[in-house]
Amino acid sequence: MLNLLLASATAGHEVAHEAAEHGLLDGVVTFTIDICIVMIAVGMLMCVIRLLKSPHLADRALASDTLGVELIGMVILLGMRFMTSAFIDGVLILSLLSFAGTVAMAQYIARPHLRHKQVKSNEKLEDLA
Amino acid sequence: MLNIILDILVIAFLIFGIFFMFVAAFGLLRLPDVYHRMHAATKGVTLGISGLMIAAAIHHAQAHDANVVNIIANVVLVIMFQFIANPVGSHLLAKAAKLDNAPVWEGQIADEEHNPVSE
């Protein structure tokens, strides 16, 4: 895995050097991508702080969902930085997994109350019968 | 010339997307309440991912051996999925927090479930 990452990074740098001869603004684009990576990292740090200290379980679920989406942004930016479009394929899977986790956490939080309501309505039906 | 225009587009979409991603995380940290945080995080994250994906599509389409159809299909799928999944997940989470009596902000002025507005 590490070898694959290193190989893609070095290949990306070679491609970047080739492209630097063509484009005028490539340095500016690379600089902007670096700044964006730093800001995404700061945002992920904020999400982790909110994940660690929060008053309710729904806060933690929301923070973990936002952390997953910030991770997607980080993957996109790293793919742009390494000049490889292979990371784009993983983004869809990451967003699907993040959505599934959010739905599972919401069901986990809400399930006792839903069961309570269902039992109540069943009792009401039995009373009516 | 076309390269310069595409690079400027990439930079513009990157700044657009990163602004919304950063504001979403900042609001998640600073706002006082589950519902306020949800309001900040969901909308900001949807627009931020859209901007970053469009920037990535333009950036990758400039390469020599780019598979443009593959890239654009992935980007459109991800943006459509974000626009569908984020409201649904946020709605489910808000309903769960409401059912579980999550703590609310002290400055809240009305709870329309328990004190419905009279007509």
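The structure this text deals with has already been given above.
Reading the values: the criteria
Residues numbered from 1 in each chain as written. Chains lettered and ligands numbered in written order. Predicted model: local features only at pLDDT ≥ 70, side-chain atom pairs only at ≥ 80, totals over all residues. Heavy atoms only, no water. Patch = residues over 30% accessible without salt bridge, like charges linked within 9 Å, V, L, I, M, F, W, Y side chains within 5 Å. Areas by Shrake-Rupley, 256 points an atom, 1.4 Å probe, with all protein chains shown as cover. Salt bridge = Lys/Arg side-chain N within 4 Å of Asp/Glu carboxyl O. Helix = DSSP H or I, 4+ residues; strand = E, 2+ residues; numbered from the N terminus. Buried < 20%, exposed > 50% of the residue type's maximum accessible area, 1.4 Å probe, protein only. 1 Å grid on protein atoms, 1.4 Å probe; cavity = no way out; pocket = protein on both sides within 12 Å on 5 of 7 lines; lining within 4 Å. Points joined across faces, edges and corners; volume = space filled by probe spheres on them. Nonpolar A, V, L, I, M, F, W, Y, C, P; charged D, E, K, R; others polar.

Novice: Talk me through a nonpolar patch on the surface; I want residue IDs and the actual numbers.
Specialist: On the surface, B:V68, B:I72, B:V76 and B:M80 cluster together into a nonpolar patch covering about 340 Å² of accessible area. With respect to the secondary-structure elements, B:V76 resides in helix α3 (residues 68–99).

Novice: How would you explain the pattern of salt bridges if you had to name every residue and give the values?
Specialist: Overall, the coordinates contain two salt bridges over all chains when judged by the stated rule. Here A:D34 ties to A:R81 by a salt bridge, and the two come within 2.8 Å at their closest N and O atoms. Here A:D34, found in helix α2 (residues 26–52), pairs with A:R81, found in helix α3 (residues 57–81); they are 47 residues apart in sequence, far enough to count as distant. A:D59 is the partner of B:R37 in a salt bridge, and the nearest nitrogen-oxygen pair spans 2.4 Å. Here B:R37, found in helix α2 (residues 34–61), pairs with A:D59, found in helix α3, and the two come from separate chains. This pair shows no difference in class: B:R37 is buried, exactly as A:D59 is.

Novice: I'd like to hear about empty space enclosed by the protein, residue by residue, with values.
Specialist: By rolling a water-sized probe across the atoms, one finds the places where empty space is left. Counted under the stated rule, the structure contains two cavities of 30 Å³ or more. Elements supplying a minimum of two residues to the lining of the largest cavity: α3 and α4 (88–128) of chain A together with α3 of chain B. Its residues assigned to classes, the lining of the largest cavity shows four nonpolar, six polar and one charged. Around the second largest cavity, the lining residues are A:L62, A:D65, A:T66, A:V69, B:A41, B:T42, B:V45 and B:N86. Looking at the lining of the second largest cavity, the elements with two or more residues in it are α3 of chain A together with α2 of chain B. Ranked by residue count, the leading element in the lining of the second largest cavity is α3(A), at four residues.

By themselves, these are just geometric observations and shouldn't be taken as functional.
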